[in-house]
Amino acid sequence: MRMYSSKTAPNPRRVRIFLAEKGIDMTYVDLDLKQGDNRTAEFMAKNMFAKVPVLELDDGTCISETMAICRYFDLQHPEPPLLGQSPIEVATIEMWQRRVEIHLMTFVGFAFRHLTGFFADRETVVKPWGEESLKRAAAVYQLLDSRLSESRFIAGESYSVADITALCAIDFAKIVELRIEDSQPNLLRWHHEVSGRPSAQA
Ligand SMILES: N[C@@H](CCC(=O)N[C@@H](CS)C(=O)NCC(=O)O)C(=O)O
């Protein structure tokens, strides 16, 4: 079994943190995304969307999409629970995970791609869309600060995959100069706590 990854990209980091929290060892194959290692015919046979992470099982089955990979491992290693246990926990974590992924991670990604032109060799770079995406991501910081005024972690009182997604998006956003403001004390408090977990180094 092995995981196709990239040391600097935020989505593979989500999986690395998830596995570190679960205490699962993994063999990582690091791709150079800038050089287009993810766009070779060999890699695209594993994921036609040409993205990392991809988990390759020993029988050759390939699973892409961060949450699909996390769910695969969670079913086999339920402890510690990062996707919830009771119906209400599972639904609440899913809600926050999707909110963070769709409204924050996606827009941080657009800001990075369209402000830096990092992938200009493979897509049209639209600077105003980068600027708009940065604004939308910044607005989510404010919503998360408000949410974290009422709960210790994003989906409630327990650390979950929603925290992992948010941490990876927020840390990656520094590359486009988006940082948590001093006026967002709850988000700062949360970031300090989740960054201090050993898994954050994964
Ligand atoms: N929805 C996918 C997103 C994966 C993704 O966007 N991966 C980025 C790295 S963070 C990538 O492989 N980019 C390479 C490219 O676009 O060429 C997931 O959750 O895994």
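Look above for the structure.
A brief report on the enclosed structure follows. (Residues numbered from 1 in each chain as written. Predicted model: local features only at pLDDT ≥ 70, side-chain atom pairs only at ≥ 80, totals over all residues.)

**Some points on the sheet that holds strand 2 (residues 28–30)**
If you trace the four strands from one edge of the open sheet to the other, you get 2-1-3-4, paired in mixed fashion. For this open sheet the edge positions go to strand 2 and strand 4 (62–64), each flanked by a neighbour on one side alone. If you compare each strand with its neighbour and ignore which way they point, the axes differ by 20 degrees on average. When strand 1 (residues 2–5) meets strand 3 (residues 54–56), the two strands line up antiparallel, connected through three bridges. Within strand 3, the residue paired with Met3 across the bridge is Leu55. (Pairing = 2+ DSSP bridges. Helix = DSSP H or I, 4+ residues; strand = E, 2+ residues; numbered from the N terminus. Axes fitted to C-alpha atoms, helices over the stretch in contact; angles between N-to-C directions.)

**Brief notes about the nonpolar core**
With 49 residues, the main nonpolar core has Leu104, Val108, Ala137, Ala166 and Ala169 as its most contacted residues. Contributions of two or more residues to this core are made by strand 1, helix 1 (10–22), strand 3, helix 3 (66–76), helix 4 (87–116), helix 5 (127–147), helix 6 (161–172) and helix 7 (185–195). Each of two domains, domain 1 (2–76) and domain 2 (87–201), supplies a minimum of three residues to this core. Once residues within four sequence positions are removed from consideration, Ala137 is found in contact with Leu104, Phe107, Val108, Ala111, Ala173 and Leu178. (Core = buried A, V, L, I, M, F, W, Y, C linked by C-beta atoms within 7 Å. Buried ≥ 20, exposed ≤ 12 C-beta atoms within 10 Å, placed from the backbone. Domains from an automatic or database assignment. Contact = placed C-beta atoms within 7 Å.)

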